[in-house]
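Next come the chains, spelled out residue by residue.
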Amino acid sequence: MKLVTFERGGTPQTGVVVGDHVFATGFAGSMIDLIAAWDDLRGKIETAATKGERHALASVHLLAPVPRPGKIFAIGLNYADHIAESKMETPQHQVWFTKAASAVNGPFDPILIARAGQYVDYEVELAVVIGKRGRNIAKADAPSHVFGYCVGNDVSERMWQHRTAQWSLGKSFDTHAPFGPWITTADEIADPHALGLRCFVNGQKRQDSSTRHLVFDIWQQIEHLSQAMTLEPGDLIFTGTPGGVGAAMEPRQFLKPGDVVRCEIDALGAIEAKMAAEE
Ligand code: MN
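Just so you know, these numbers come straight off a predicted model, no measurement behind them. (Residues numbered from 1 in each chain as written. Predicted model: local features only at pLDDT ≥ 70, side-chain atom pairs only at ≥ 80, totals over all residues. Heavy atoms only, no water.)

With respect to the packing of aromatic side chains
The description of an aromatic ring pair rests on the distance of the ring centres and on the angle between the ring planes.
Line of reasoning, step 1. Taken as a whole and judged by the stated rule, the model has four aromatic pairs.
Line of reasoning, step 2. Ring centres 5.1 Å apart and planes at 90° place the aromatic pair W38 and F147 in the edge-to-face group. Of the two residues, W38 sits in helix α2 (residues 38-51) while F147 sits in strand β12 (residues 146-153), which places them 109 residues apart along the sequence. The same class applies to W38 and to F147, which are both buried.
Line of reasoning, step 3. Ring centres 5.5 Å apart and planes at 55° place the aromatic pair F97 and W167 in the tilted group. Of this pair, F97 sits in strand β7 (residues 95-98) while W167 is found in the loop between α4 (158-162) and β14 (177-185), placing the two residues 70 residues apart along the sequence.
Line of reasoning, step 4. Given a relative accessible area of 14%, W167 falls into the buried group.
Line of reasoning, step 5. A cation over a ring is seen here: K99 above F238, with NZ or CZ 6.0 Å from the ring centre.
Line of reasoning, step 6. Between R163 and the ring centre of W160, over which it is positioned, the NZ or CZ distance is 4.4 Å. (Phe/Tyr/Trp six-rings, centres within 6.5 Å; stacked < 30°, edge-to-face > 60°. Helix = DSSP H or I, 4+ residues; strand = E, 2+ residues; numbered from the N terminus. Buried < 20%, exposed > 50% of the residue type's maximum accessible area, 1.4 Å probe, protein only. Lys NZ or Arg CZ within 6 Å of the ring centre and 35° of its normal.)

Laid out in structure tokens, this is it:
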């Protein structure tokens, strides 16, 4: 199933995408509420996907599928080619940073270049949405804690990221955590470690890889994170970006107002944003 949060004048609501249409679920709660109650709601949502109020997908505004995740964690240096272009060593331990929940952005909404942060770069990433709450989750159990998958862009302000040892501020500018366009539920993805992912800027391909090249795979990531913190429904994990970022090009290329950034992942769809200067 493909689940969205959308608005069509008025309050955001959840929906199911089928072809070019979105069917309202009729569920009163948020996507996090829906994920938390999924075992009970699933049948009702499947019914809504054929009988719910129907809108053309093009006529609604898609928000990020989880508009306000409880937490967003992202792993750095997790594809060999990106580690090499960053002139870093392969990390012995998983390198984690947070992205602020306030950085979440809709899948087709503009990404802002802030007055104080002009060195903005893209990073296409597989984003994992947690389903079942858990702590100290073993690798073997990790798949049962995944609700689904999205296309993410770990937008990064490189000066703020690299002028200090801690990356979180440079990764947390407003609008710098777009993801979507929907959550593809995990049952539809036979192998999340075999998905091609690509990023284009103004139609030029900049990144082109596969999740089979992850250094630490998704299950290792969930095992590791959950040793420190309880993972909860709707939490979001950005799983790392492959090589090809603008900061590693020669000369370095950063995003400018008017640039169009498209991130796509096999079977999960695409998100696309126009860059805009902050007013
Ligand atoms: Mn990243």
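Overview of the sheet that holds strand β16 (residues 204-210)
Line of reasoning, step 1. The sheet built from five strands is open, its strands ordered β9-β19-β18-β15-β16 with mixed pairing. Taken across any chain shown, the strands that pair with only one partner, and hence form the sheet edges, are β9 (111-113) and β16. Taken pair by pair, the neighbouring strands of this sheet meet at an average axis angle of 20°, ignoring direction.
Line of reasoning, step 2. Alignment of strand β15 (residues 196-201) against strand β18 (residues 260-265), held across five bridges, turns out to be antiparallel. Following the sheet pairing, C199 is matched in β18 by C263. (Pairing = 2+ DSSP bridges. Axes fitted to C-alpha atoms, helices over the stretch in contact; angles between N-to-C directions.)

A look at the coordination of the manganese ion
Line of reasoning, step 1. Surrounding the manganese ion are the protein donor atoms E123 (OE), E125 (OE) and D154 (OD), at 2.0 to 2.1 Å.
Line of reasoning, step 2. Read N to C, the donor residues that coordinate the manganese ion are spaced as E-x1-E-x28-D. Exposure class is identical for E123 and E125. Each is buried. (Donors = N, O, S within 2.8 Å, 3.2 Å for Na, K, Ca; no water.)

Brief notes about the domain arrangement of the protein chain
Line of reasoning, step 1. Split by domain assignment, the protein chain resolves into domain 1 (2-62) and domain 2 (72-277).
Line of reasoning, step 2. Placing a centre on the C-alpha atoms of domain 1 and another on those of domain 2 gives a separation of 25 Å.
Line of reasoning, step 3. Domain 1 puts 13 residues into the contact, and the matching count from domain 2 is 17 residues.
Line of reasoning, step 4. Of the roughly 1,200 Å² buried between domain 1 and domain 2 on both sides combined, carbon and sulfur atoms contribute 69%.
Line of reasoning, step 5. Broken down residue by residue, the surface that domain 1 buries against domain 2 is led by K2, I35 and L62, which jointly contribute 51%.
Line of reasoning, step 6. K2 serves as the salt-bridge partner of E188, at 3.5 Å between the closest nitrogen and oxygen. (Domains from an automatic or database assignment. Contact = heavy atoms within 4.5 Å. Buried area = accessible area lost by both parts, 1.4 Å probe. Salt bridge = Lys/Arg side-chain N within 4 Å of Asp/Glu carboxyl O.)

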